[in-house]
Amino acid sequence: IHPPKMYQQINAPKSNMKKTLLTASVALNALLVVALCFMAFSGNTLAAPVRSVSVNSQVGRRAAMGGAAAGMGLAATRMAKAVNPTSIFETNCGACHQGGGNNIITGHTLSKTAMEQYLDGGWNKESIEYQIRNGKGPMPAWEGVLSDEEIKAMTEWVYEQSTTTFKDVN
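This section reports on the structure supplied with the text. All figures in this text were calculated on a predicted structure; none of them were measured in a lab.

## Concerning the packing of helix H3 (residues 85-97) against helix H6 (residues 148-161)
Where H3 contacts H6, the two axes come as close as 9 Å, and the packing angle between them is 95 degrees. Taken together, the axes of H3 and H6 are roughly perpendicular relative to one another. Where H3 abuts H6, its residues Pro85, Thr86, Ile88, Phe89 and Cys93 lie against Glu150, Ala153, Met154 and Trp157. Broken down by class, the residue content of the contact of H3 with H6 amounts to 7 nonpolar, 1 polar and 1 charged.

Right, dumping it as structure tokens:
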């Protein structure tokens, strides 16, 4: 016996936003590194020229500029990789759980009260994470679609929202 069609597993949408942000960040970082290295090795300075500059200080300046470029590039890449649970929710979950509700099964909202009643294992982070990873009924499994880091962030975010923003959702 097969479950009714509305309860069959559906394929989760894949988001390209993270890849786009990372690609843009890498391109911007490459441009930044090229510009800073050009300035460091061309002899141009951003400040007023120094009348007497030794070879060692020029090498030191070039090394500092290269280090600054690398540091900025790393920081920008980390920022591009930062997980934004609100964005993940809006992109992947919002169609069914808009505003913390549930457009598919009435009452099965993301409020603490509803999760205490309907979520397997009750209202706790482990149960929320299990539901996100494995899905249930019409909810798709997000493991393999979202990274472990994104799933952990979503778990924390949903847990927090269930007692604040989604508290009174019926």
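## Observations regarding the pattern of salt bridges
Under the counting rule described, the total for this entry stands at 7 salt bridges. Close ionic contact of arginine 133 with glutamate 129 constitutes a salt bridge, the shortest N to O distance being 2.9 Å. On the criterion of helical spacing, the pair formed by arginine 133 and glutamate 129 is a turn pair, its members being 4 residues apart in helix H5 (residues 125-134). Judged by relative accessible area, arginine 133 falls into the buried class, the value being 13%. Judged by its relative accessible area of 15%, glutamate 129 is buried. In this structure, arginine 133 and glutamate 143 form a salt bridge, with 3.2 Å as the shortest nitrogen-oxygen distance. Linking arginine 133 in helix H5 with glutamate 143 in the loop between H5 and H6, this pair joins segments that are 10 residues apart in sequence. Members of the salt-bridge network, linked through shared partners, are Glu129, Arg133, Glu143, Asp148 and Lys152.

What counts, and where the lines are drawn
Residues numbered from 1 in each chain as written. Predicted model: local features only at pLDDT ≥ 70, side-chain atom pairs only at ≥ 80, totals over all residues. Heavy atoms only, no water. Axes fitted to C-alpha atoms, helices over the stretch in contact; angles between N-to-C directions. Helix = DSSP H or I, 4+ residues; strand = E, 2+ residues; numbered from the N terminus. Parallel < 35°, antiparallel > 145°, perpendicular 65-115°, else oblique. Contact = heavy atoms within 4.5 Å. Nonpolar A, V, L, I, M, F, W, Y, C, P; charged D, E, K, R; others polar. Salt bridge = Lys/Arg side-chain N within 4 Å of Asp/Glu carboxyl O. Buried < 20%, exposed > 50% of the residue type's maximum accessible area, 1.4 Å probe, protein only.

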